[in-house]
Amino acid sequence: ETGVTQTPRHLVMGMTNKKSLKCEQHLGHNAMYWYKQSAKKPLELMFVYNFKEQTENNSVPSRFSPECPNSSHLFLHLHTLQPEDSALYLCASSRSTGGQQYFGPGTRLTVT
Amino acid sequence: AQKVTQAQTEISVVEKEDVTLDCVYETRDTTYYLFWYKQPPSGELVFLIRRNSFDEQNEISGRYSWNFQKSTSSFNFTITASQVVDSAVYFCALSGGGGADGLTFGKGTHLIIQP
């Protein structure tokens, strides 16, 4: 069992680039999440997907675009990012309501 | 709105000392869940415990123990006989009881165990 995996682990991109972060869970869970962890703020919830449907968008700028093609995969598409978007992006999954969330190792994103 | 407060930004103790990490939460939900996660220098969040709002029994797991008190909206975490490997950032988190709610995290407490 490999749990929750994230690729790439590190990403450096310019402000005009378009890139995508990938998350995959092998736990049979139905809910998946994106979180942002930056140096100056606590861990922030970005998006929640439950059974492939987005159930929460925590006022995230449109330059971040999530995609959940199935319950095992979650993407975060990035375009025209700002330097302040540099952070650790963590993906998580859970089986059900209020359940334990399993986190991936994160993608360390640097926007130059 | 939900809120989690970890007032201790950083704690430094000498190995073998006991240490308590504080967590205070705010929520209007009657059903909710509380969590503690550990984040070592590698960055991955490691689950430690989940507690639902209807279960106020304290829990002990080896050197770790948790004290949940609804009356004071606190969910404190104690490490007994601390070890250098306990050095990490510890996060307290809260989720509501409806739907696949995401977690609301505190700012974390950086725990340093000195040999």
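Above this text sits the structure in question.
Residues numbered from 1 in each chain as written. Chains lettered and ligands numbered in written order. Predicted model: local features only at pLDDT ≥ 70, side-chain atom pairs only at ≥ 80, totals over all residues. Heavy atoms only, no water.

**Considerations on the overall build of chain A**
Right, on to step 1. If you tally the helices and strands in chain A, you get zero helices and 11 strands.
Right, on to step 2. Each helix and strand of chain A, placed in order from N terminus to C terminus, yields the pattern β-β-β-β-β-β-β-β-β-β-β.
Right, on to step 3. Whereas a compact globule of 112 residues would reach a radius of gyration of roughly 13 Å, chain A reaches 13 Å, a difference of no more than 12%.
Right, on to step 4. Taken along its principal axes, the extent of the C-alpha atoms in chain A is 35 × 30 × 25 Å.
Right, on to step 5. When burial is assessed residue by residue, chain A has 48% of its 112 residues classed as buried. (Helix = DSSP H or I, 4+ residues; strand = E, 2+ residues; numbered from the N terminus. Rg over C-alpha atoms; globule rule 2.2 N^0.38 Å. Buried < 20%, exposed > 50% of the residue type's maximum accessible area, 1.4 Å probe, protein only.)

**A word on the pairing of strand β7 (residues 64-70) of chain A**
Residue and element names in this part refer to chain A.
Right, on to step 1. Of the pairings in the sheet, the one linking β7 to strand β8 (residues 73-79) comprises five bridges and is antiparallel in character. Across the sheet, residue Glu-67 finds its bridge partner in β8, namely Phe-75.
Right, on to step 2. Here β7 hands over to β8 after two residues, the two strands then running antiparallel side by side. (Pairing = 2+ DSSP bridges.)

**Points about the side chain of A:Ser94**
Residue and element names in this part refer to chain A.
Right, on to step 1. Secondary-structure assignment places Ser-94 in strand β9 (residues 87-94).
Right, on to step 2. Relative accessible area serves as the criterion here: at 0%, Ser-94 is assigned to the buried category.
Right, on to step 3. Separated by 2.7 Å, the side chains of Ser-94 and Tyr-33 make a polar contact.
Right, on to step 4. If we skip the residues at most four places from it in the chain, Ser-94 touches His-29, Asn-30, Ala-31, Tyr-33, Gly-99, Gln-100 and Gln-101. (Polar contact = N/O pair within 3.5 Å; in protein donor to acceptor, adjacent residues only side chain to side chain. Contact = heavy atoms within 4.5 Å.)

**Re the packing of aromatic side chains**
Right, on to step 1. Per the stated rule, a full pass over the model turns up 18 aromatic pairs over all chains.
Right, on to step 2. Their ring planes at 70° and their centres at 6.2 Å tell us that A:Phe103 and B:Phe105 sit as a pair that is edge-to-face. Taken together, the residues A:Phe103 in strand β10 (residues 102-103) and B:Phe105 in strand β11 (residues 104-105) connect one chain to another.
Right, on to step 3. Each residue in the set A:Tyr33, A:Tyr35, A:Phe103, B:Phe35, B:Tyr37, B:Phe47, B:Phe91 and B:Phe105 is aromatic and connected to the rest through ring pairs, giving one cluster. (Phe/Tyr/Trp six-rings, centres within 6.5 Å; stacked < 30°, edge-to-face > 60°.)

**Let's talk about the pairing of strand β9 (residues 74-79) of chain B**
Residues and elements named next belong to chain B.
Right, on to step 1. Burial analysis of β9 places five of its six residues in the buried class, which makes it a mostly covered element.
Right, on to step 2. Sheet topology places strand β3 (residues 19-21) next to β9; three bridges connect them, and they run antiparallel. Bridge pairing in β9 links Thr-20 to Thr-78.
Right, on to step 3. The hairpin formed by strand β8 (residues 64-69) and β9 contains four residues between the paired strands, and Ser-73 there has a positive phi angle of roughly 50°.

**Digging into the interface of chain B and chain A**
Right, on to step 1. At the interface, 21 residues of chain B touch 21 residues of chain A.
Right, on to step 2. When chain B packs against chain A, the two sides together hide about 1600 Å² of surface, and 57% of this comes from carbon and sulfur.
Right, on to step 3. Here chain B and chain A share zero salt bridges between them.
Right, on to step 4. Listed by contribution, the elements that provide at least two residues to the side of chain B that touches chain A are β5 (32-39), β6 (46-52) and β10 (88-96) of chain B.
Right, on to step 5. Per-element accounting of the side of chain B that touches chain A gives the leading share, four residues, to β5(B).
Right, on to step 6. Classifying every residue of the side of chain B that touches chain A gives nine nonpolar, eight polar and four charged. (Buried area = accessible area lost by both parts, 1.4 Å probe. Salt bridge = Lys/Arg side-chain N within 4 Å of Asp/Glu carboxyl O. Nonpolar A, V, L, I, M, F, W, Y, C, P; charged D, E, K, R; others polar.)

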